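The residues making up each chain are set out below.
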Amino acid sequence: MVRHCELCKAKRAALVRPRNRQQVCKDCFYTAFEEEIHQTIVDNKLFNRGDRVAVAASGGKDSTVLAHVLTLLNKRHDYGLDLFLLSIDEGIAGYRDDSLETVKRNETQYGIPLEVVSYKTLYNWTMDEIVKEIGLKNNCTFCGVFRRQALDRGAAKMKAVKMATGHNADDVAETILLNIVRGDIARLARCTSIITGEEGALPRCKPFKYTYEKEIVMYAYFKKLDYFSTECTYSPNAYRGFAREFIKDLEAIRPQAILDIISSGERFRIDSTAKMPEQGLCERCGYISSQKWCKACVLLDGLNRGLPKLGITRTRGKGLANGVENASGGGKLASKDDRSPSKANIDF
Amino acid sequence: MACESGQGCGAGQGCGTNACSSENLCSKDERVFPPNGKKSGVCAKCKEQPTSEDFELCCTCLHTNLISKFKTAVNQNSLVTPADHVLVAFSGGAASRVALEFLREIRLRQQTDLDASRGQGTRVFGLGVVFVDEAAAWSGPSLDLEHTIEEISSIILTESERPVPLHIAKLQDVFEAEGLRSSVGLDEDVGIRSSEEMLQELLRNVEDVTGKEDLVTYLRMQVLQKIAKEHGYTKLVLGVCSSRIAARSIAATAKGQGYSFSADIQYWDSRWPVTVVLPLRDVLARELDVYCRLANLKTVVNKNTLHGTDKSKSINELSREFVSLLQEQNFSREYTITRTMGKLKSFVFNTPPVGPIEMALRRRRGIETPKPETVSAANTVPDLLCPICSAPLDVRDFLHGDVEFTDKSSNNAESPSVNSKGDLPALSSDTFKNMCCPSCRFQILPKNEPKTESMVKALPEVMRDRAVANFEDKQCWMRSRIQEYLLSDDED
Ligand SMILES: [Zn+2]
Ligand SMILES: [Zn+2]
Ligand SMILES: [Zn+2]
Ligand SMILES: [Zn+2]
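Residues numbered from 1 in each chain as written. Chains lettered and ligands numbered in written order. Predicted model: local features only at pLDDT ≥ 70, side-chain atom pairs only at ≥ 80, totals over all residues. Heavy atoms only, no water.

Novice: So, the overall build of chain B: which residues are in play, and what are the values?
Specialist: Along chain B, the regular secondary structure elements total 17 helices and six strands. Taken over 492 residues, chain B has a buried fraction of 51%. Counted over contacts in chain B with a minimum sequence separation of 6, partners at least 24 positions apart contribute 73%. Just so you have it, chain B exposes about 23,200 Å², and 53% of that area is on carbon and sulfur atoms. (Helix = DSSP H or I, 4+ residues; strand = E, 2+ residues; numbered from the N terminus. Buried < 20%, exposed > 50% of the residue type's maximum accessible area, 1.4 Å probe, protein only. Contact = heavy atoms within 4.5 Å. Areas by Shrake-Rupley, 256 points an atom, 1.4 Å probe, with all protein chains shown as cover.)

Novice: Kindly report on the overall build of chain A, identifying the contributing residues and their values.
Specialist: Scanning chain A from N- to C-terminus turns up 14 helices and 10 strands. Counting every position in chain A, which comprises 348 residues, the buried fraction comes to 60%. Taking the intrachain contacts of chain A between residues at least 6 apart in sequence as the baseline, contacts between residues at least 24 apart amount to 70%. Surface exposure of chain A reaches about 14,300 Å², of which carbon and sulfur atoms provide 51%.

Novice: Can you explain a nonpolar patch on the surface? Please cite residues and give values.
Specialist: Residue and element names in this part refer to chain B. A surface patch of nonpolar side chains, amounting to about 310 Å² of accessible area, comprises Ile-482, Tyr-485 and Leu-486. By secondary structure assignment, the location of Leu-486 is in the segment after helix H17 (461-482). Residue Leu-486 is classed as partly exposed on the basis of its relative accessible area of 31%. (Patch = residues over 30% accessible without salt bridge, like charges linked within 9 Å, V, L, I, M, F, W, Y side chains within 5 Å. Salt bridge = Lys/Arg side-chain N within 4 Å of Asp/Glu carboxyl O.)

Novice: I'd like to hear about helix H12 (residues 295-304) of chain A, residue by residue, with values.
Specialist: For H12(A), the buried fraction is high: nine of the 10 residues fall into the buried class. Among the residues of H12(A), Lys295(A), Ala296(A), Cys297(A), Val298(A), Leu299(A), Leu300(A), Asp301(A), Gly302(A) and Leu303(A) are the ones counted as buried.

Novice: Can you break down the coordination of the zinc ion (ligand 4) residue by residue, with the values?
Specialist: Residues and elements named next belong to chain B. Only Cys-386 (SG), Cys-389 (SG), Cys-437 (SG) and Cys-440 (SG) from the protein reach the zinc ion (ligand 4) as donors, at distances of 2.3 Å. If you look at the zinc ion (ligand 4), its four donor atoms make angles of 105 to 117° with each other, and the shape they trace is tetrahedral. Counting residues between consecutive donors of the zinc ion (ligand 4) along the chain gives the motif C-x2-C-x47-C-x2-C. In this structure, Cys-437 and Cys-440 share a single accessibility class: buried. (Donors = N, O, S within 2.8 Å, 3.2 Å for Na, K, Ca; no water. Tetrahedral: all angles 85-135°; square planar, octahedral: opposite > 155°, others 65-115°.)

Novice: Any details on the UniProt feature "binding site: ATP" (unreviewed entry) in chain A? Residues and values, ideally.
Specialist: All names here are of chain A. The feature "binding site: ATP" (unreviewed entry), as annotated in UniProt, sits at Ala-56, Ala-57, Ser-58, Asp-62, Ile-88, Gly-166 and Asp-171 in this numbering. Tracing the backbone shows Ala-57 in the loop between strand E3 (52-56) and helix H2 (61-76). Judged by its relative accessible area of 7%, Ala-57 is buried. Apart from the residues within four sequence positions on either side, Ala-57 is in contact with Ser-63, Leu-85, Leu-86, Ser-87, Ile-88 and Val-103. Within the secondary structure layout, Ile-88 lies in strand E4 (residues 82-89). When its relative accessible area of 3% is taken as the criterion, Ile-88 is described as buried. (UniProt positions renumbered as here; feature names shortened; annotations may be inferred.)

Novice: Hey, could you go over the pattern of salt bridges for me, with residue numbers and the actual values?
Specialist: For the coordinates displayed, the defined rule picks out 39 salt bridges over all chains. Across the salt bridge formed by Glu283(A) and Lys292(A), the nearest N and O atoms sit 3.9 Å from each other. Taking relative accessible area as the criterion, Lys292(A) reaches 17% and is therefore assigned buried. Two residues, Asp84(B) and Lys235(B), come together in a salt bridge whose shortest N-O distance is 2.7 Å.

Novice: Pulling in residues and values, what's your account of the nonpolar core?
Specialist: Residue and element names in this part refer to chain B. With 96 residues, the main nonpolar core has Leu-215, Leu-236, Leu-238, Cys-386, Ile-388 and Cys-440 as its most contacted residues. At nine residues, helix H7 (residues 209-230) tops the list of elements feeding residues into this core. Counting contributing residues, this core receives three or more from each of domain 2 (77-365) and domain 3 (395-485). The contacts of Cys-440, once residues within four sequence positions are left out, are Tyr-218, Cys-386, Ile-388, Cys-389 and Leu-445. With 46 residues, the next largest nonpolar core counts Ala-73, Leu-79, Val-283 and Leu-297 among its residues. (Core = buried A, V, L, I, M, F, W, Y, C linked by side-chain atoms within 4.5 Å. Domains from an automatic or database assignment.)

Novice: An account of the packing of helix H7 (residues 169-182) of chain A against helix H11 (residues 333-342) of chain B is needed here, citing residue identities and associated values.
Specialist: Between H7(A) and H11(B), the least distance of the axes is 6 Å, while the angle of their chain directions is 105°. One way to sum up the angle between H7(A) and H11(B) is to call them roughly perpendicular. Each of Asn179(A), Ile180(A), Val181(A) and Arg182(A) in H7(A) lies in contact with H11(B), whose residues at this interface are Arg333(B), Thr336(B), Ile337(B), Thr340(B) and Met341(B). Of the residues assigned to the contact of H7(A) with H11(B), the class counts are four nonpolar, three polar and two charged. (Axes fitted to C-alpha atoms, helices over the stretch in contact; angles between N-to-C directions. Parallel < 35°, antiparallel > 145°, perpendicular 65-115°, else oblique. Nonpolar A, V, L, I, M, F, W, Y, C, P; charged D, E, K, R; others polar.)

Novice: With reference to specific residues and values, describe the coordination of the zinc ion (ligand 2).
Specialist: Residues and elements named next belong to chain A. Of the protein atoms, only Cys-282 (SG), Cys-285 (SG), Cys-294 (SG) and Cys-297 (SG) coordinate the zinc ion (ligand 2), at distances of 2.2 to 2.3 Å. Because the angles between the four donor atoms bound to the zinc ion (ligand 2) fall within 105 to 117°, the donor set is best described as tetrahedral. Look at where the donors of the zinc ion (ligand 2) fall in the sequence and you get C-x2-C-x8-C-x2-C. What makes Cys-294 buried here is its relative accessible area of 2%.

Novice: So what's going on with the packing of aromatic side chains? Residues and values would help.
Specialist: What the rule picks out here adds up to 13 aromatic pairs over all chains. When the centroid spacing of 5.6 Å and the interplanar angle of 75° are considered together, the rings of Tyr259(B) and Phe347(B) count as edge-to-face. With Tyr259(B) in the loop between helix H8 (242-254) and strand E5 (268-269) and Phe347(B) in the loop between H11 and helix H12 (356-365), the pair connects residues that are 88 residues apart, well separated along the chain. Both residues of the pair, Tyr259(B) and Phe347(B), belong to the buried class. Aromatic ring contacts, followed pair by pair, group Phe29(A), Tyr30(A), Phe33(A), Phe208(A) and Tyr219(A) into a single cluster. Across the ring face of Tyr30(A), the terminal group of Lys223(A) is positioned such that the distance to the ring centre comes to 4.3 Å. Against the face of Phe442(B) rests Lys447(B), its NZ or CZ located 4.6 Å from the ring centre. (Phe/Tyr/Trp six-rings, centres within 6.5 Å; stacked < 30°, edge-to-face > 60°. Lys NZ or Arg CZ within 6 Å of the ring centre and 35° of its normal.)

Novice: Go over the side chain of Lys206(A) with me, naming the residues and quoting the values.
Specialist: Residue and element names in this part refer to chain A. When you line up the elements, Lys-206 lands in the loop between strand E8 (204-205) and helix H9 (213-222). Buried and unpaired, Lys-206 has Glu-266 as its nearest opposite-charge partner, separated by 9.3 Å. In this structure the side chain of Lys-206 is engaged in a polar contact, spanning 2.8 Å, whose partner is the backbone oxygen of Ser-193. (Lys, Arg positive; Asp, Glu negative; His and termini not counted. Polar contact = N/O pair within 3.5 Å; in protein donor to acceptor, adjacent residues only side chain to side chain.)

What follows is the structure in structure tokens.
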């Protein structure tokens, strides 16, 4: 018996939507997928006409589909956006070289320009060199901090006013759970925002906030989008793994659960007192930071002084070690002393 | 995926959480219990008594520790006062067992003190125990119910010189006094059914495993309330401990109950006819289990709850497993989760009333008394509770609720037959749905129309009445917003 598409009732159903288990044909899937993202963009006023928008592009599936869908919607609904791809070269031989090739092909496929910013030029260290120093254990701490800044700087250099990232619904749900489990109420309050960093120079937004990871893969697969699917060579074995597993199990029982976690996250009644510590600017590089030095500068300083564990290792006690721990606190809800590390604490 | 996505930290901030391989970086102030102190065999506190079961404290020290947490919770939140009549919901498990034991102990001490001082006019609080048999919900005939009750009776009645009344109830008692009276909307030919049949018919309507489990929990609470009310109790004690709260936090998050969840985990919850209190909120399940064994407190395994539904499809079960997995990695994880969720804002009904003496005491101790939220009466959105689960409704659902459903129900007579005074009004199933929280709409109420209708009819009267009251409150509120444009006082 031929199953007909539940939406158009005409064509043969080709797939089951992971989001709601609806049986639909490919065309209806594309339309639904794209228009749901359009709806998210419109409902949340993610962009304004004329915005110059950096699309964070890693060559992975999320960012590849994001670049594709944004280009398409920009034309279809006449957003009037000036889009470009922004990519980071971390300097990871094999992994990044290949994925950069993918992004370069995307550049021609979508007809939007590409900008590449490398760790080497920004920090004078490649990720491979960093790993040689610190070993495999904490490299993702570096990667996360450095990449974030690198993207911001690349975007600023290209005069972007906004950045779109490929975080999907699964990522957001996972982050919500992690913040609960870690007891980080301040982050829990912020992590569901679809636009972050509005107070800074370059707001970031997540057009895929409500888009299921499985549907992104499905879209890329059926559209035969060119993406790079190998995990980062230095991919973390992280604690995150537990949360990810849990979400996959939940999704199997009840697909709606991913959206429900996000909805819970959006609706938690969190007192405004649990909000962010004040943001200032890094005294060294001028990047936005709640501490004297931004986290990248602290990590970098450790690397350059041959003490790469600075800013990573959690140290108890007082004096220098304590100062470094404070400085590495990043955006965490900090006590009063954390916010104003005295000069004596960090001896450069 | 962290590195692959190329976008840094999911939290949107710069800590590199995406990557956090050392999760220490993100969490401070964790009290890590040494899983096994080097010097095994000797109590970590008194350094004298021997320990067992790999637990760090001896029985005496564990008792001191637990009862002081219990008393602190009770005293700081005025959970139990001498004027109270306290009903302990006993499940047979360690938590409610310990709650009962501690209340007995505290009462005995108060009595002794009172006798010694020959104080007149003061008295100690009253105590009773209730057990709700849920067998009918899961497997039909009660397995070993008699045996279970015998065991419970032996725990409750024997050892104490002043016996505590024990109430045995069944889950289907929620329909009691309803079976004979056919309410409006119920098919005439249904005739008289037993309350057990009514319960089973209700549960048959719920397809989702988690939804069914939760509905049983909600019904159980209604039965507890009913018993408490009937026998003049003023407080209902639940043995909800920190570990349970941790698992429920995760489950509630996954069910989309983020808005209302904080209401369920406070010491004090007065949204019910009889106020519910949680004196064990700060204690871990493991501590309670160990204490019961060390102190020889008998617990009863309630066999009926063990094989009910397909556990592998339960979000509650999955969340429990997730949290215990995390707890294995870090012994303070459950506390951390409970503390996080404890920071969420609670509701007005979660604040215990503070008497003048307590107020003075608090001022001396430097404890801040939260001011009750001032409510401006006119035009405020009414505080409504979900008819099924009693969760406070979020204004956002409340306002948008209609939009979602009315297109289907517009020809379906939105207004209930409230006007015919004296009769029980019946709501259309769509309207009923609109009065429920999103979570109940999704996991308890059926998706398609005819089924919803039979489901709504099968719900106990308390829940249907709540929906009607909600509807009236909402109408009233809507009316207040358009008042100035209305020309006559007519309803229609
Ligand atoms: Zn179709
Ligand atoms: Zn800096
Ligand atoms: Zn001891
Ligand atoms: Zn509900």
